[in-house]
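Coordinate analysis (summary)
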Amino acid sequence: MSEKLYNIAVVGATGAVGEEIFRVLEERHFPVASVLPLASAASAGKKIVFRDKEYTVEALTETVFEGRDIDIAFFSAGGSVSAHYAKYAVEAGAVVIDNTSHFRMDPDVPLVVPEVNPEDIELWEQTGIIANPNCSTIQMVQVLKPLHDLYGIKRVDVSTYQATSGAGKKGMEELVKQMQDFFHFKLDDSPVEAFPHQIALNVIPQIDKPQPNGYTREEMKMVNETNKIMHSDIAVSATCVRVPVLRSHSEAITIVFSEGVDVSVEEARAALEAFENVKVIDDLEQGQYPMPIIATDTDYTYVGRIRKDLFSENILHLWCVADQVRVGAATNAVRIAQKWIALEE
């Protein structure tokens, strides 16, 4: 890591991802000179602690970046916030690493998972912005990349089991509140605000808004982002489901490889084991496979239940789990920043 120290801003500093970014920066010994925590006016004045030093959260405004010499600005406060304010950070000289969906499909903005397409970071100068992909997309492409390099992928069908933390603090709090109300026989009166239906003791096969094609916006993110990141034309179909888990998304993935490929489970497992930040846990007889309680609060994407299709030689099925607050957001953003620093040196 460079000896140079960097001035960091975090927009959405009091949210779940913003708080995690500070944790990851500290854990990874990121070369920080100073931090500027930013949030809405309602959160201004709150305190955050970073490396044993207390900082006061400031309100995000159009002028807050001026004269602050911010090098890197992490945005994690929602697409409309990034749409309006990211340009002011760029104009003030910062590179923006955006965790929202707003810039992801902009052809001039690189969409990056550092283990998969680090070379795209070089394109940051076109707009001053680097986009962080959707959390479910990140863990999936980390699994697809080594297998695509090995065999060539034609099609992917994925079903996600997404934790309530994907909806931020309010999502986790709603699950906890509903479970508390269940045990007090008050679940019928428990508020339903973060999700379209009760999440406690339930699964909801809708994440984000319906689209004209019958998919949801979350599902289309996975379709479109996968191919932008991997520079591919893989056919992707997704069904995204919210489940009553606090943290870490799970995915059941079916991968169709090129015609004539005879998939070897052993070769596929070896490729996954060798890939950066992927861990294989795959012993069904011993009850060992990835689960949210294993992935939570870690920086790895876990893969298991790797098996060949019963009827087609070129199809593989597997299961993957990752902490979407970290791997799917904060850690990926910080890894992008680390690669950006290496590029600038």
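That block above? That's the structure.
Summary of the structure given here.

Scoring rules and cut-offs
- Residues numbered from 1 in each chain as written.
- Predicted model: local features only at pLDDT ≥ 70, side-chain atom pairs only at ≥ 80, totals over all residues.
- Heavy atoms only, no water.
- Salt bridge = Lys/Arg side-chain N within 4 Å of Asp/Glu carboxyl O.
- Helix = DSSP H or I, 4+ residues; strand = E, 2+ residues; numbered from the N terminus.
- Buried < 20%, exposed > 50% of the residue type's maximum accessible area, 1.4 Å probe, protein only.
- Phe/Tyr/Trp six-rings, centres within 6.5 Å; stacked < 30°, edge-to-face > 60°.
- Pairing = 2+ DSSP bridges.
- Contact = heavy atoms within 4.5 Å.
- Axes fitted to C-alpha atoms, helices over the stretch in contact; angles between N-to-C directions.
- Core = buried A, V, L, I, M, F, W, Y, C linked by side-chain atoms within 4.5 Å.
- Patch = residues over 30% accessible without salt bridge, like charges linked within 9 Å, V, L, I, M, F, W, Y side chains within 5 Å.
- Areas by Shrake-Rupley, 256 points an atom, 1.4 Å probe, with all protein chains shown as cover.
- Expected span 1.5 Å × (residues − 1).
- Bend = angle between axes of the 7 residues up to and from the residue.

**What to know about the pattern of salt bridges**
When the charged atoms of two side chains with opposite charge come close together, those side chains can pair. Inspection of the entire model under this criterion finds 24 salt bridges. A salt bridge links K154 to E259; the shortest N-O distance between them is 3.3 Å. Of this pair, K154 sits in strand β9 (residues 153-162) while E259 sits in the loop between β11 (249-257) and α6 (265-274), and the two are 105 residues apart along the sequence. Taking relative accessible area as the criterion, K154 reaches 39% and is therefore assigned partly exposed. The exposure class of E259 is exposed, given its relative accessible area of 62%. Connected via shared salt-bridge partners are E20, R23, E27, R28, R247, D297, D299, D323 and R326.

**Re the packing of aromatic side chains**
Across all of its chains, the model carries nine aromatic pairs by this definition. Ring plane angle 70 degrees and centroid distance 6.3 Å describe the contact between Y300 and Y302, whose orientation is recorded as edge-to-face. Y300 gets classed as partly exposed once you look at its relative accessible area, which sits at 31%. Three or more aromatic residues joined by ring pairs form one cluster here, namely Y6, W124 and W340.

**Quick notes on the pairing of strand β14 (residues 315-322)**
Most of β14 is tucked away: seven of the eight residues are buried. Relative to β14, β11 runs antiparallel, the two being bridged by eight bridges. If you follow S250 over to β14, its bridge partner there is V321. Sheet analysis places strand β13 (residues 301-308) next to β14, joined by six bridges and oriented antiparallel. By the bridge assignment, R307 is partnered in β14 with H317. Connecting β13 to the next strand, β14, in antiparallel fashion are six residues.

**A look at the sheet that holds strand β1 (residues 6-11)**
Judged by pairing direction, the sheet is parallel, and its six strands sit side by side in the order β5-β2-β1-β6-β7-β8 without closing on themselves. Here the strands that pair on one side only, and so sit at the sheet edges, are β5 (58-59) and β8 (129-131). In the sheet, β1 pairs with strand β2 (residues 32-39) via six bridges, with the strands oriented parallel. Residue pairing across strands places I8 opposite V35, the latter belonging to β2. The sheet strands contacting helix α2 (residues 79-91) are β1, β6 (72-75), β7 (95-98) and β8, and the helix crosses β6 at an angle near 175 degrees.

**Notes on the pairing of β9**
Pairing of β9 with β11 involves eight bridges; the strand directions are antiparallel. By the bridge assignment for β11, I153 is matched with F257. Across eight bridges, the pairing between β9 and strand β10 (residues 235-242) is parallel. Bridge pairing in β10 places R155 opposite A235.

**Overview of the nonpolar core**
Residues F65, A73, L147, I253, F257, L316 and L318 are the most contacted members of the largest nonpolar core, which totals 59 residues. Ignoring sequence-local partners within four residues, the contact set of I253 consists of M140, L144, V156, D157, V158, L316, H317, L318 and C320. Residues F22, F74, A333 and I336 belong to the second largest nonpolar core, which totals 31 residues.

**So, a nonpolar patch on the surface**
Residues F182, F183 and L201 make up a contiguous nonpolar surface patch of roughly 330 Å² in combined accessible area. Turning to its location among the elements, F183 is positioned in helix α4 (residues 169-183).

**Quick look at α2**
The end-to-end C-alpha distance of α2, which contains 13 residues, comes to 19 Å, matching closely the 18 Å that a straight helix rising 1.5 Å per residue would cover. The largest bend in α2 amounts to roughly 40 degrees and is located at Y85. Along α2, the residues that are buried comprise V81, S82, A86, Y88 and A89.

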